Amino acid sequence: MSRSSRRGSRKVAAVALAVSAGMFLASCADSGKDGGSGDAPESSSSLSIGLVNEQSNEGDSVKGGTLTFSGYAGVTTLDPAKTQIAGSVSGSELGAIYDTLMSYDPLGQKFEPRMASSMKPSTDFKTWTMTLRDGVTFSDGTPFDAAAVAASINRYVTNKGPQSSLWAAKVASIDTPDAKTVVFNLVDPWTGIQSMLATGPGMIVAPTAQKGETFTPIGAGAFTLEKFAPNEELLLDAREDYYGGAPNIDKLRAISIVGSQATADSLKSGGVDVAYLRSVSTVLDLIDSGYPGYLDIPSLSYLANVNQAPGRPGADVRVRQALAMAVDPKAIDQRVNEGKGLPGQEIFQDTSRWDSGVAPIGVDTVKAKALLDAAKADGFNGKITFLTVQDPTAQAQALAIQSMANAVGFDFQIEYVNSVSDVTKRVYVDRDFDMSTGANNLPEADPFERLYTSLKTGGRNNAISYSDPETDTLLDQLGATTNDVDKKAVLAKIQERANVTVPWQVYGNTPWLSVWAKNVHGVQQSIDGIMFFNDAWKK
């Protein structure tokens, strides 16, 4: 038996912060096209979560060939402890090499064992017992056993992977009573461990992968590495001895094409077979063109961060409230998406199963002006600067916000930088901003983790310096809640508190589409846009 002690360090390395922040910010840089301004009608979007253009009569699977996948962002590392794992950031690519202990069925809205055969909680949800699946081996022949699982997770925490801080706070220790059994002993009740084991911590690295400073990507997934050129191309070979059976395709090629429209054009021309993209206009076009896929709508995926640190305009809650009441998300959607997006101020829209029905703060320019005037009477000069990227869509958003903010009395300035990476550094590393473009991208599977890390007082991912004891208590309650009904009740209280404290300026959601060519079949969906290709094939 081995037992890993609880990790005391809860720091997240700056590099992990930058990668994580990049994922949070990226969706706002590519949300559609500038459709002009004017009065904003109700959103005309017909988007909803689920399969689109569902395939039927697929026929028998075909063996052989190369499947080309265009991810949202280029792969920069093959070490799951050094990158945020999500569909938008290396999740599908690294999942092909390492697989995951658990997976998520977005249609059934439930977690399922993957490299595990079962995952069962104790009655108080403070102990989870995992039984590993028979027949799983690492690609170099190393045994895939409980000791390897514990060692990989401990490595992830020790290396301060992006999710390690919350893991260390919630998991007291790991026991391995035998080769097939892993026991997770928790600090308090927590169902979110399933989400963790379906993402970064659940991608198990072989004990032979790390030798000194040298890391070799050795996992138990369906593919092995042939070639890796960071940010350009990743070429993987199918494993004949994969536990789920040899993949249908011979090779998986992963690339990244900059821009949703260019990605969609490549899909249509046959340059890529599967893609992951976000953009209202291209999503609607591909759906209307009959391309099959899965549409996800993560919550809080289109917002602005407001720095609430002392000395910043946003430190005054009246300033945050005034901004929220002055800026109409429907007007932004009209300007950016021709009214076809998903505007709104609520944390969870009615497309989400976590929608509580609690109304958001609302738009009221009269109240906004009164709040701003009160703040000015106490010394605020009315100036606030919005940080965003030098991009047509981002410019359209920024100009729309500026117009509405200035209309109630703000002196709203826009600062443009060259890239999302520049915004990331200013927001998450330097903390040098008043207000910035952003996104939190709460997954439908389990929104707790990203709410917690972005709002908890003192958290390393809390770039806005938000601090509210009542919200802290609600977040702790949410983490320890073990059923969806009670989670939804706590989330309703978080929305009510957000209406008062205004952590972010929420403008709506951005659709994410996992999409494939009409001759491609067998792509599997998991959490947060992650796809698996071991059963994929094309005619």
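Here we summarise the structure given alongside this text. Bear in mind that the values here come from a model prediction, so they are computed numbers and not experimental data. (Residues numbered from 1 in each chain as written. Predicted model: local features only at pLDDT ≥ 70, side-chain atom pairs only at ≥ 80, totals over all residues. Heavy atoms only, no water.)

## As for the overall build of the chain
Next up, step 1: Counting its secondary structure elements, the chain contains 15 helices and 27 strands.
Next up, step 2: Along the longest, intermediate and shortest principal axes, the C-alpha atoms of the chain span 70 × 50 × 45 Å.
Next up, step 3: Residues classed as buried in the chain amount to 58% of the 539 residues present.
Next up, step 4: Partitioning the contacts of the chain with sequence separation of at least 6, the portion at a separation of at least 24 is 73%.
Next up, step 5: Surface accessibility of the chain: about 19,400 Å² in total, with carbon and sulfur atoms responsible for 48%.
Next up, step 6: Separation between the mean location of the 48 positive side-chain charges and that of the 61 negative ones in the chain comes to 5 Å. (Helix = DSSP H or I, 4+ residues; strand = E, 2+ residues; numbered from the N terminus. Buried < 20%, exposed > 50% of the residue type's maximum accessible area, 1.4 Å probe, protein only. Contact = heavy atoms within 4.5 Å. Areas by Shrake-Rupley, 256 points an atom, 1.4 Å probe, with all protein chains shown as cover. Lys, Arg positive; Asp, Glu negative; His and termini not counted. Charge placed at Lys NZ, Arg CZ, Asp CG, Glu CD.)

## Regarding the pattern of salt bridges
Next up, step 1: For the coordinates displayed, the defined rule picks out 24 salt bridges.
Next up, step 2: Of the charged contacts, one joins Arg318 and Asp378 as a salt bridge, the two residues approaching to 2.9 Å between their closest N and O atoms. With a gap of 60 residues between them, Arg318 in helix H8 (residues 317-326) and Asp378 in the loop between helix H10 (365-377) and strand E19 (383-389) connect regions that are remote in the sequence.
Next up, step 3: With relative accessibility at 23%, the residue Arg318 sits in the partly exposed group.
Next up, step 4: For Asp378, a relative accessible area of 57% corresponds to the exposed category.
Next up, step 5: Where Asp468 meets Arg497, a salt bridge forms, and the shortest distance between an N and an O atom there is 2.9 Å. Separated by 29 residues along the polypeptide, Asp468 in the loop between helix H13 (448-455) and helix H14 (469-480) and Arg497 in helix H15 (residues 484-501) bring together distant segments of the chain. (Salt bridge = Lys/Arg side-chain N within 4 Å of Asp/Glu carboxyl O.)

## Points about the packing of H14 against H15
Next up, step 1: At their nearest, the axes of H14 and H15 sit 9 Å apart, and the two run at 165° to each other. Taken as axis vectors, H14 and H15 run roughly antiparallel relative to one another. Crossing geometry of H14 relative to H15 is assigned as left-handed. Residues Glu470, Thr471, Leu474, Leu475, Gln477 and Leu478 of H14 lie in contact with H15, whose contacting residues are Lys487, Val490, Leu491, Lys493, Ile494 and Arg497.
Next up, step 2: Of the residues contributing to the contact of H14 with H15, the split by class is six nonpolar, two polar and four charged. (Axes fitted to C-alpha atoms, helices over the stretch in contact; angles between N-to-C directions. Parallel < 35°, antiparallel > 145°, perpendicular 65-115°, else oblique. Left-handed = near helix turned anticlockwise from the far one by under 90°. Nonpolar A, V, L, I, M, F, W, Y, C, P; charged D, E, K, R; others polar.)

## With respect to the side chain of Thr453
Next up, step 1: Within the secondary structure layout, Thr453 lies in helix H13.
Next up, step 2: Of the polar contacts made by the side chain of Thr453, one reaches the backbone oxygen of Arg450; its length is 3.5 Å.
Next up, step 3: Dropping the residues within four chain positions of it, Thr453 is found in contact with Asn461 and Asn462. (Polar contact = N/O pair within 3.5 Å; in protein donor to acceptor, adjacent residues only side chain to side chain.)

## What about the environment of Val358?
Next up, step 1: On the secondary structure map, Val358 appears in the loop between strand E18 (342-343) and H10.
Next up, step 2: Placed 14 residues apart in sequence, Val358 and Gly344 show a C-alpha to C-alpha distance of 12 Å.
Next up, step 3: The contact partners of Val358, leaving out residues within four places of it in the chain, are Ala492, Gln495, Glu496 and Asn499.

## As for the packing of aromatic side chains
Next up, step 1: Applying the stated rule across the entire model yields eleven aromatic pairs.
Next up, step 2: Over the aromatic face of Tyr72 sits the side chain of Arg278, whose NZ or CZ is 4.2 Å from the ring centroid.
Next up, step 3: The ring of Trp512 has Arg278 sitting right over it, with the charged end atom 4.3 Å from the ring centre. (Phe/Tyr/Trp six-rings, centres within 6.5 Å; stacked < 30°, edge-to-face > 60°. Lys NZ or Arg CZ within 6 Å of the ring centre and 35° of its normal.)

## Quick word on helix H2 (residues 91-98)
Next up, step 1: In terms of burial, H2 is a largely internal element, eight of the eight residues being buried.
Next up, step 2: Every buried residue of H2 is accounted for by Gly91, Ser92, Glu93, Leu94, Gly95, Ala96, Ile97 and Tyr98.
Next up, step 3: Along its buried surface, H2 packs onto strand E3 (66-71), strand E11 (214-215), strand E12 (223-229), strand E13 (233-238), strand E14 (251-256) and strand E26 (531-532).
Next up, step 4: Of the residues trailing H2, Asp99 is marked for its positive phi of about 60°.

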